[in-house]
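Architecture at a glance
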Amino acid sequence: MSKTNNIEHYGQAHLTAKDIKRCRDELSDIIIAPYISGHAKGVGYNFSLSEMVYSVTHKRLVTIRHNGNETYFYLKPHDTVLALSYEYLKVDDCIAGDFHSRVRMTAMGVGSTSTTVDPGWNGMLLFSLNNPTRKRIKIILSTNEDGIQKQHPVLTLVVRRTIKPAKLSGDSGHEGDISLHLENPPMRTDIWSELVDRPIRLFQNQEYQRFMK
C-alpha cells in the first residue's frame, strides 16, 4: 500500500515537538500563547495552570499562595478543582488533540486527567484535577528563578492532523468535509456561568462575591 493510501486510511501520525515548533515559526495549524520552547517535548506540548482555580467540593475559589519564589495551591483531600489553562490555544480545522496527565502529577497522587481538543478550537481551556487521597497535595503553578517566572507543566497536549479538514457549523464547505459543531465555548464560560448562578446560600457571601468578580 502506498504512503498516500496509508494516510488516507489511517490519518497522519502525531505532531512531534519539532512539528509544533515549526507551526509556531510559521504561525500555522496550531498556535500556543505564551509559547515556551522548552515545553515542546516528544510528541506533545506541556500546558500549565493559571491562578483561576475553583473548588467544586467547597464551592469557592482556591487560595493561591505566594511563598518565597513559589506560586502554588493545595489540592485538598477528596477535592476536585476546575482551573483555567495558563496558555491560550488555537488550532486549525485540520488539527485535533488530547490532553493527558503527566506522570509526575499522578505520582504525587493527583487523579488522572484527560480531555479533548476539537478541530477549530480557539481560546483558553478548562481542566479538572482531583485528589482521591487523604492528604493535601501541593500544586506548584510557577517559580521565580533569577527574576524570571517559570510555569510548571501539569498536562501534556498531544495533537494530530485529521484525514480531512473539519467543516465548522455554519461554514460553507465541500462535499466530503467533516461536519463539526463546536458546543463548548472558550474557557468553558458556560460552566462558570452555571456556578455563579447557584444560590448565594451555598457560599459564604464574601467568598461568593469574590468568585463572581
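Computed from a prediction, not measured in an experiment: that's the story for all the values here.

1. Topic: the confidence of the model for the chain
Averaged over every residue, the pLDDT of the chain is 81; residues scoring 70 or more account for 70%. Note on residues 1-10: pLDDT under 50 across the span, and 9 contacts to partners over four residues away in sequence or across chains. Low pLDDT, under 50, characterises residues 172-181; the predicted model gives this stretch 17 contacts beyond four residues in sequence or across chains.

2. A short note on the sheet that holds strand β16 (residues 155-161)
Pairing is antiparallel in the open sheet, where 5 strands are placed in the order β2-β3-β16-β10-β11. Unpaired on one side and paired on the other, β2 (40-41) and β11 (114-117) mark the two borders of the sheet. Pairing analysis gives 7 bridges linking strand β10 (residues 95-101) to β16, with the strands arranged antiparallel. When the bridges of β16 are listed, A96 appears paired with R160.

3. With respect to the environment of I137
Structurally, the position occupied by I137 is in strand β14 (residues 137-145). On the basis of relative accessibility, which here comes to 5%, the residue I137 falls in the buried class. With 29 residues separating them along the chain, I137 and M108 place their C-alpha atoms 7.2 Å apart. The residues contacting I137, other than those within four sequence positions of it, are F73, Y74, L75, M108, G109, V110 and N131.

4. A look at the pairing of strand β15 (residues 148-151)
Examined bridge by bridge, β14 and β15 share 4 bridges and lie antiparallel to one another. Its bridge partner being in β15, T143 is matched across the sheet by K150. As consecutive antiparallel partners, β14 and β15 are separated by 2 residues, and within that stretch D146 has a phi angle of approximately 55 degrees, a positive value.

5. A word on the sheet that holds strand β9 (residues 88-91)
Strand order in the open sheet made by the 3 strands is β1-β9-β12, with antiparallel pairing throughout. On the outer flanks of this sheet lie β1 (30-33) and β12 (122-123), each paired with one strand and no other. Two strands pair when backbone bridges link them, and β1 and β9 are joined in this way by 4 bridges, in the antiparallel orientation. Bridge pairing in β9 links I32 to L89.

How each quantity is defined
Residues numbered from 1 in each chain as written. Predicted model: local features only at pLDDT ≥ 70, side-chain atom pairs only at ≥ 80, totals over all residues. Heavy atoms only, no water. pLDDT = per-residue confidence, 0-100. Contact = heavy atoms within 4.5 Å. Pairing = 2+ DSSP bridges. Helix = DSSP H or I, 4+ residues; strand = E, 2+ residues; numbered from the N terminus. Buried < 20%, exposed > 50% of the residue type's maximum accessible area, 1.4 Å probe, protein only.

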